[in-house]
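Observations on the model geometry
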Amino acid sequence: MEIIQVVGLGLIATFLILIIKEQKPIFSFLLAAFVGVIIFISIAGKIAEVLGVLQSLAHQARVNDLFLETILKIIGIAYIAEFGAQVTRDAGQGAIASKIELAGKVLIMVMAIPIITVIIETVIRILPA
């Protein structure tokens, strides 16, 4: 049922933005950004629930906390970069949005280095000399 509320809010905001855009373009952008933040905040509780389940599963599987923490940071970077790029693109700044996406990808690559290193070391140990 929450998706109906999110979609309803999005549709109402879109309708208002289309009306306001002709008269006051800056207000239409601010409304779009505000509604985007409200939607993001409204799903924050669900994200916390998912994180709790993932942490529980990781502890049961005896996965190193560093791996789970790194993966969650990578997912966070991806979501935040996407959100920032979408807001920037909505403001008509596609070039800046592309740079935000690029920065997100580079940061994800940097965060993944410890996991990639462990995987390569494990494979090297498994392979016969």
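Above this text is the structure in question.
So, here is what we can say about the structure in this document. Position numbers for residues count from 1 along each chain, tracking the sequence in the order it is written. The model is predicted, so local features are restricted to residues of pLDDT at least 70 and side-chain atom pairs to those at 80 or more, both for listing and for counting; the totals for chains, interfaces and linings are taken over all residues. As a rule here, side-chain values come from all non-hydrogen atoms in the structure, and water together with hydrogens is ignored.

**Comments concerning unusual backbone geometry**
Where we set the bar: Numbering goes from the N terminus for both helices and strands, where a helix is a DSSP run of H or I of at least four residues and a strand is a run of E of at least two. Relative accessible area decides the class of each residue, using a 1.4 Å probe on protein chains only: under 20% of the type maximum gives buried, over 50% gives exposed, and in between gives partly exposed.
Positive phi, normally seen in glycine, also occurs at R62, with a value near 55 degrees. Counting through the fold element by element, R62 comes out in the loop between helix 3 (44–60) and helix 4 (65–90). According to the relative accessible area criterion, R62 is exposed, its value standing at 77%.

**Focus: the environment of V6**
Condition: Note on contacts: a residue pair qualifies if any of its non-hydrogen atoms lie within 4.5 Å across the two residues.
Mapped onto the secondary structure, V6 falls in helix 1 (residues 2–23). Residue V6 is classed as partly exposed on the basis of its relative accessible area, which comes to 23%. Spatially, the C-alpha atoms of V6 and L18 are 18 Å apart, while their sequence positions differ by 12 residues. If near-sequence neighbours (up to four positions away) are discounted, V6 is found in contact with I39 and S42.

**Considering the packing of helix 4 against helix 5 (residues 94–126)**
Note the threshold: To define axes, lines are fitted to C-alpha atoms, for helices over the stretch in contact only, and angles between the resulting N-to-C directions are given on a 0 to 180 degree scale. With respect to orientation, any angle under 35 degrees is reported as roughly parallel, any angle over 145 as roughly antiparallel, any angle of 65 to 115 as roughly perpendicular, and every other angle as oblique. Any residue that is not Ala, Val, Leu, Ile, Met, Phe, Trp, Tyr, Cys, Pro, Asp, Glu, Lys or Arg is counted as polar, Gly included; the first ten are nonpolar and the last four charged.
Two numbers describe how helix 4 lies on helix 5: the axes approach to 8 Å, and their chain directions differ by 175 degrees. Compared by their axis directions, helix 4 and helix 5 come out roughly antiparallel. When its residues are assigned to classes, the contact of helix 4 with helix 5 shows 16 nonpolar, 5 polar and 4 charged.

**Comments concerning the packing of helix 1 against helix 2 (residues 25–42)**
Relative orientation of the contacting elements helix 1 and helix 2 amounts to 170 degrees, with a least axis distance of 7 Å. As judged from the angle between their axes, helix 1 and helix 2 are roughly antiparallel. Contacts between helix 1 and helix 2 involve V6, L9, A13, L16, I17, I20, K21 and Q23 on the former and, on the latter, P25, F27, S28, L31, A32, V35, I38, I39 and S42. Considered class by class, the residues forming the contact of helix 1 with helix 2 number 13 nonpolar, 3 polar and 1 charged.

Functional significance is not addressed by these values, which are geometric in nature.
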